[in-house]
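Coordinates in review
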Amino acid sequence: MTDTGKTPSSGQYAFPRTQGTDVIVIGAGLAGLLAAAKAVRAGAKVRLIAQGWGQQIVTPGWISVCDRADDDVIAEVRGFAALHPDHPYALAGDDAVVRGLASFCRLAEEIGEPYEQRTKDGHNLRLITMLGAIQTPLAAPQGIAHGDLTGFSESLLLVGFNGWRDFYPEMAAGNLQQQGINARAIRVDLPAGARGWDLYPAELALLLDQVDARNMIIHQIKPHLSGVDKIGFPAVLGMDQHLEALSHLSEQLGRPCFEIPTLPPSLSGTRLSQKLRGWLLRRRARVQIGHPVLRGIMQERRCVGVEVGALGHNNIFHADHVILATGGLYNGGIQSDETGRLWEPVFNLPVMAPPGEGRSGWYEDRLLHEQGHPIHRLVGLRVDSCMRPLDASGAPMLENVYAVGHLLAGFNPLTDGCAEGIALATAYKAIATALGLKKI
Amino acid sequence: MSAQSVDVLVIGGGATGAAAVYDLARRGLRAILVEQHDLATGTSGRYHGLLHSGGRYVVRDPETARECIDENTILRRIVPFSIEDTGGLFVATPADPADFPAKWVQACADAGIPVEAITPAQARAQEPALTSQITAVYRIPDGACDGFDMIHGFIEAARAFGGDVLIYHRVTGLIREGDAVVGAHLEDTRTGEKRTIYATCVLNAAGPWCGVVAGLAGLDVKIKFDRGAMIAMNTRWVNTVVNRLRPASDGDILVPVGTVCVLGTTSVITEQPDDYRIEAWEVSKILNDADAVVPGIRLGRALRAWAGVRPLYEPPEAGNGDAIGRDVKRTFSVIDHQQRDGVRGLVTVVGGKLTTCRLMAEKAVDVVCQQLSHTRPCTTAAEVLPGVKTNPHRLDHRLHHLEHGETPGELICECEMVTRPQLEKAIAAYGDQPVALDDLRRDLRLGMGPCQAGFCAYRAAGILQQAKKQSSADTTRALHDFVNERYRGVRPLLWGHQLRQLYLDEMIYRRTLGLDQLAAPEEPSHD
Ligand SMILES: Cc1cc2nc3c(=O)[nH]c(=O)nc-3n(C[C@H](O)[C@H](O)[C@H](O)COP(=O)(O)OP(=O)(O)OC[C@H]3O[C@@H](n4cnc5c(N)ncnc54)[C@H](O)[C@@H]3O)c2cc1C
Ligand SMILES: Cc1cc2nc3c(=O)[nH]c(=O)nc-3n(C[C@H](O)[C@H](O)[C@H](O)COP(=O)(O)OP(=O)(O)OC[C@H]3O[C@@H](n4cnc5c(N)ncnc54)[C@H](O)[C@@H]3O)c2cc1C
């Protein structure tokens, strides 16, 4: 790949020929990261460009594929997709769901951030939240997955920290008891060295990388262990030494210890992002976080390059394939204004909108409306089964641009319990089609 | 059911009622104020934040203008802790009637409002965000006023003089004995508990609801309801109040209040005293009008919107019965029901401005005193109030405290710098009364910053649960009510930045917390 460094003066961009296939991935969320990694594995020359990290750094960190499935999750997805041919799952195909997830889990394992499922039966996990609700994703970072309550009828101990604003174990324990789960709360003092008034999860996690700090906590918990079978902590158990911290605590306390996702930023998402970045860089992919892609450079129905904003001058990079993983309304992939206009800023692709005048059909009158807000499900791009964006008539607009993840219409990432599953499945499908991989 | 007896019962915990109970207490009367919700939840918590100089009314309604400039001067002296001396500008653009500035300058002179003509260049040096299209511009002594602090200031001062305050109590009936009102039946709006207060005189300061209250005594006070919307932008944009120099219209005023800049307002006649709808056209209008004076503000981040209802009352003798909206005068009326209806023991005060609340209280209490044959004169203009002891709203104080305090405690609301000790103190102040998170918001500005409680709601709920030793179920419900209440004010502003913010907040509530599963989905009910 060549960095031309300046904008050629003529209307045509003459990109020097290089060897290999240039894949540009725009967006560093779960979909963009998986697409980049897949493309690297397939031997492409990859450039990942993003304005910032994607949602994984604020979400709880687990992988929702079909939260509402009571038994076999993939079977449920398959059944659902058969009934909803326009849903991203149906478009990507259930093979892509399975392979996308598997390929993500392999990658996560490889970088030392293992995710776990209940591998035996393919059912969802049962995990608790800081408020004491039960969430049912399919996979989660190991420390969080250890909290799986499936078949658990013994006693939980939830541990909070005195003087730490981000976890209230009594509240969670009370709500769990209401749901028939035996849970108790205690608070221990923060390890020495914790600064009080704006202690962020990451600072606490860095402290807990140290054995001494962990020992101070272990020492305080030990007297409270009688009748306890499993111990939950806020998800701050170590940063760089995360897995060591987890097993150290479990060993010393003699019971499985697990993590409960905290308010953003999410440490598991942060670790995942950093380690994937390293993984990509080591494989000679270019990773540019902090740069906006301003526009695609088109030759007829092909995108031949993208223009990237940078200090001083903008850069232009050649592309054979572009994966657009810019993340919908939250991460800037779709923009909105006061008049109700919705647009996709890089390629100006047509955006589906809810019916009604202006913004009138976007939101319900209550925040936690049972159906969710129409905007989440109805706004987004439509794609074909190759993940190519469609125009109003339903025909693919561009030959070599693929849209994936939250950018797509047809699901509500906040209520449908499938956000990560769709990110992984559509990213997988896009790369498989673009690079002509056989396994699909 | 318990009963108590006082000299005067004040109905309404807005600016007028608060100033009145203070005035009554200073005059040595045993007075109690009752408010159906929390203090400052009526019009006084839904206004624009402007300490009027009178400039806005001076051409059409010089009487109100004169009241404003007099009271502006007095309030600056007696409640300095709630006022920021921003000064004001009146700015004319080429789109505004060219003959208006001259008329306006003359009217200001007649009303005694000091104005200073400056050049557009001077104006832009003072406020660089102003449009370059200025045809005329004047300085005027407008200010910004934190109504919450002012009301709490009056209440704390009233208490020091022996006055009493009962929040979350609604007057459900007025007790009449023949030609006299002798007290009221009340209901605790949180527990449903009933009680009676006997009073020699009742002062009806119920703002837009004062027609309803008068109705409880079988009397007719005809109120027109005029709804207006406002939008808070997430930074100040200007440090001076900016008014459009034209006949009063929508979207004329930008007021820097604390960390935000409040834009507004509209004027829509409605049928209800608590119609707080905000329609899409109002949002567009307010933003576009403000953009004509401060170009680019339309594209800024709008933080929150709210609406208030102006109670407009035109005394029959004014003979202007068909006037609507901005044509109704903004001066106030004190109705002596003994004189008007032959019913002793009830006085209604209605109309006016937050800026004129002290004067409204003075005139109303004068009539009350007449009925009680009590001769102590009003002295509220003379003495400086001690200020709000508990929780001043100023962000710079809080930052200072955090940076220099010994053990400031954890920062719970990062946007507004509310700490755990502040929360615990505010909760303790309610004693064994129930506390809603929204009460703590008004006490501390909890959740009023850019994220609108996305992060602090869970933390504050956890602290509330610990302090009140309440169940997780009750706490979760309180959390649910609070986040829904915060949502109402961002709902009209969901596009661009605030839409993305709400997505994050909703993700926290639904995914990280699972709040939607635990809290029964019911509309928080207020009645
Ligand atoms: C859109 C708008 C913008 C404004 N901007 C400004 C401005 O910038 N500057 C300015 O000076 N003025 C402004 N005003 C005017 C100002 O807000 C009002 O004049 C002032 O707040 C009125 O205060 P109040 O105490 O009379 O009424 P309210 O604040 O409405 O108080 C009445 C109280 O009575 C209570 N109540 C009613 N019925 C009962 C009952 N049965 N039992 C117990 N309690 C009861 C209510 O709950 C309420 O709290 C504005 C008004 C509006 C609507
Ligand atoms: C000068 C000024 C500056 C402001 N600055 C900011 C800011 O920086 N950030 C910010 O977030 N907001 C700001 N606000 C707005 C504030 O947060 C509220 O939005 C505003 O006070 C209106 O209240 P609300 O939105 O809570 O209204 P609502 O949610 O409609 O009601 C508020 C409360 O009023 C009570 N209530 C009273 N009467 C009724 C009734 N009849 N029915 C139902 N409920 C009733 C309820 O108990 C409820 O809790 C500002 C307001 C003012 C006046």
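Note that this is a predicted model, so its numbers are computed, not measured. (Residues numbered from 1 in each chain as written. Chains lettered and ligands numbered in written order. Predicted model: local features only at pLDDT ≥ 70, side-chain atom pairs only at ≥ 80, totals over all residues. Heavy atoms only, no water.)

**Here we look at the domain arrangement of chain A**
Once the domains are mapped, chain A shows domain 1 (20-107 + 271-435) and domain 2 (148-255). Once you take the C-alpha centre of each, domain 1 of chain A and domain 2 of chain A turn out to be 35 Å apart. (Domains from an automatic or database assignment.)

**Here we look at the pairing of strand 13 (residues 224-233) of chain B**
Residue and element names in this part refer to chain B. For strand 13, the tally of buried residues reaches 9 of 10 residues, placing the bulk of the element in the interior. Here strand 13 pairs with strand 17 (residues 268-270) via 3 bridges, running antiparallel. Its bridge partner being in strand 17, Arg227 is matched across the sheet by Val268. Across 4 bridges, the pairing between strand 13 and strand 16 (residues 260-264) is antiparallel. Among the inter-strand pairings, Ile231 is bridged to a residue of strand 16, identified as Leu263. (Buried < 20%, exposed > 50% of the residue type's maximum accessible area, 1.4 Å probe, protein only. Helix = DSSP H or I, 4+ residues; strand = E, 2+ residues; numbered from the N terminus. Pairing = 2+ DSSP bridges.)

**Some remarks on the packing of helix 6 (residues 169-178) of chain A against helix 14 (residues 472-490) of chain B**
Relative orientation of the contacting elements helix 6 of chain A and helix 14 of chain B amounts to 110°, with a least axis distance of 8 Å. It follows that helix 6 of chain A is roughly perpendicular to helix 14 of chain B by the angle criterion. Helix-helix and strand crossings are classified by hand; for helix 6 of chain A and helix 14 of chain B the assignment is left-handed. Each of Glu170, Met171, Gly174, Asn175 and Gln178 of chain A in helix 6 of chain A lies in contact with helix 14 of chain B, whose residues at this interface are Ser472, Ala473, Thr475 and Thr476 of chain B. Of the residues assigned to the contact of helix 6 of chain A with helix 14 of chain B, the class counts are 2 nonpolar, 6 polar and 1 charged. (Axes fitted to C-alpha atoms, helices over the stretch in contact; angles between N-to-C directions. Parallel < 35°, antiparallel > 145°, perpendicular 65-115°, else oblique. Left-handed = near helix turned anticlockwise from the far one by under 90°. Contact = heavy atoms within 4.5 Å. Nonpolar A, V, L, I, M, F, W, Y, C, P; charged D, E, K, R; others polar.)

**Things to note about the side chain of Thr59 of chain A**
Along the chain, Thr59 of chain A turns up in the loop between strand 2 (45-53) and helix 2 (73-83). Taking relative accessible area as the criterion, Thr59 of chain A reaches 5% and is therefore assigned buried. If near-sequence neighbours (up to four positions away) are discounted, Thr59 of chain A is found in contact with Ser266 and Glu420 of chain A together with Met507 and Arg511 of chain B.

**Overview of the side chain of Gln288 of chain A**
All names here are of chain A. If you trace the backbone, Gln288 turns up in strand 11 (residues 286-289). Side chain to side chain, Gln288 and Arg47 meet in a polar contact 2.7 Å long. Once you skip the residues sitting within four places of it in the chain, Gln288 turns out to touch Arg47, Leu48, Ile49, Ala50, Val308 and Phe317. (Polar contact = N/O pair within 3.5 Å; in protein donor to acceptor, adjacent residues only side chain to side chain.)

**As for the packing of aromatic side chains**
Aromatic ring pairs are reported here in terms of the distance separating the ring centres and the angle at which the planes meet. Evaluated as defined, the whole model comprises 8 aromatic pairs over all chains. Seen from their ring centres, Phe104 of chain A and Tyr115 of chain A are 5.0 Å apart, and the 80° between their planes marks the pair as edge-to-face. Taken together, the residues Phe104 of chain A in helix 4 (residues 94-110) and Tyr115 of chain A in strand 3 (residues 115-117) connect sequence positions 11 residues apart. Tyr115 of chain A carries the same exposure label as Phe104 of chain A, and that label is buried. Ring geometry for Phe90 of chain B against Trp104 of chain B: centres 4.6 Å apart, planes inclined by 35°, an arrangement best described as tilted. Here the residue Phe90 of chain B occupies a position in strand 5 (residues 88-92), and Trp104 of chain B occupies one in helix 3 (residues 100-111), the gap between them amounting to 14 residues. The residues Phe90 of chain B and Trp104 of chain B share a single accessibility class, namely buried. Taken together through their ring pairs, the aromatic side chains of Tyr22, Phe154 and Phe161 of chain B make up a single cluster. Lying over the aromatic face of Phe317 of chain A, Arg47 of chain A brings its terminal NZ or CZ to 3.8 Å of the ring centre. The residue whose ring lies beneath Arg341 of chain A is Trp343 of chain A, and the NZ or CZ to ring-centre distance is 3.9 Å. (Phe/Tyr/Trp six-rings, centres within 6.5 Å; stacked < 30°, edge-to-face > 60°. Lys NZ or Arg CZ within 6 Å of the ring centre and 35° of its normal.)

**So, the interface of chain A and chain B**
Each partner contributes residues to the interface: chain A has 60 residues there, and chain B has 55 residues. Carbon and sulfur atoms supply 59% of the area that chain A and chain B bury against each other, a total of about 5,100 Å² over both sides. At the junction of chain A and chain B, the tally comes to 3 salt bridges. The tally of links between chain A and chain B comes to 32 residue pairs in polar contact (both at pLDDT 80 or more). Contributions of two or more residues to the side of chain A that touches chain B are made by strand 5 (134-135), helix 6, helix 11 (328-331), helix 12 (374-378) and helix 13 (419-434) of chain A. (Buried area = accessible area lost by both parts, 1.4 Å probe. Salt bridge = Lys/Arg side-chain N within 4 Å of Asp/Glu carboxyl O.)

**Some words on the site of ligand 1**
Residues and elements named next belong to chain B. Around ligand 1 lies a shell of 36 residues, among which Thr16, Glu35, Thr43, Ser44 and Thr355 are the nearest. Summarising the interface, the protein chains cover 97% of the accessible area of ligand 1, which totals 1,000 Å² for the free molecule. For the shell around ligand 1, the secondary-structure elements that each account for two or more residues are helix 1 (15-26), strand 10 (169-177), strand 13 and strand 18 (302-312). (Near = heavy atom within 4 Å. Areas by Shrake-Rupley, 256 points an atom, 1.4 Å probe, with all protein chains shown as cover.)

**A short note on the pattern of salt bridges**
Enumeration according to the criterion identifies 58 salt bridges over all chains in this entry. Put simply, Arg165 of chain A and Glu414 of chain B hold a salt bridge, and the shortest N to O gap is 3.3 Å. With one member in each of two chains, Arg165 of chain A in the loop between strand 7 (156-161) and helix 6 and Glu414 of chain B in the loop between strand 21 (411-413) and strand 22 (418-419) form a pair that bridges those chains. Taking the relative accessible area as the measure of exposure, Arg165 of chain A reaches 1% and is therefore buried. Residue classification places Glu414 of chain B among the partly exposed residues on the basis of a relative accessible area of 26%.

**Considering the pairing of strand 18 of chain B**
Residue and element names in this part refer to chain B. Judged by how many residues are buried, strand 18 sits mostly within the fold: 11 of 11 residues are covered. Of the pairings in the sheet, the one linking strand 13 to strand 18 comprises 10 bridges and is antiparallel in character. Bridging across to strand 18, Arg227 finds its partner in Val309.

**Here's the deal with the domain arrangement of chain B**
The figure often quoted for interface size is the accessible area lost as the parts come together. Splitting chain B by domain gives domain 1 (2-43 + 148-223 + 314-372), domain 2 (85-144 + 224-309) and domain 3 (395-518). Taking the mean C-alpha position of each, domain 1 of chain B and domain 2 of chain B sit 31 Å from one another.

**Remarks on the site of ligand 2**
All names here are of chain B. With respect to spatial proximity, 22 residues lie near ligand 2, and among them Gly45, Asp438, Met448, Gln452 and Glu485 are the closest. His37 is positioned such that a nitrogen or oxygen atom in its side chain is 3.0 Å from a nitrogen atom of ligand 2. Against a free-state accessible area of 950 Å², the protein chains account for coverage of 92% of ligand 2. Listed by contribution, the elements that provide at least two residues to the shell around ligand 2 are strand 18, helix 12 (437-444) and helix 14.

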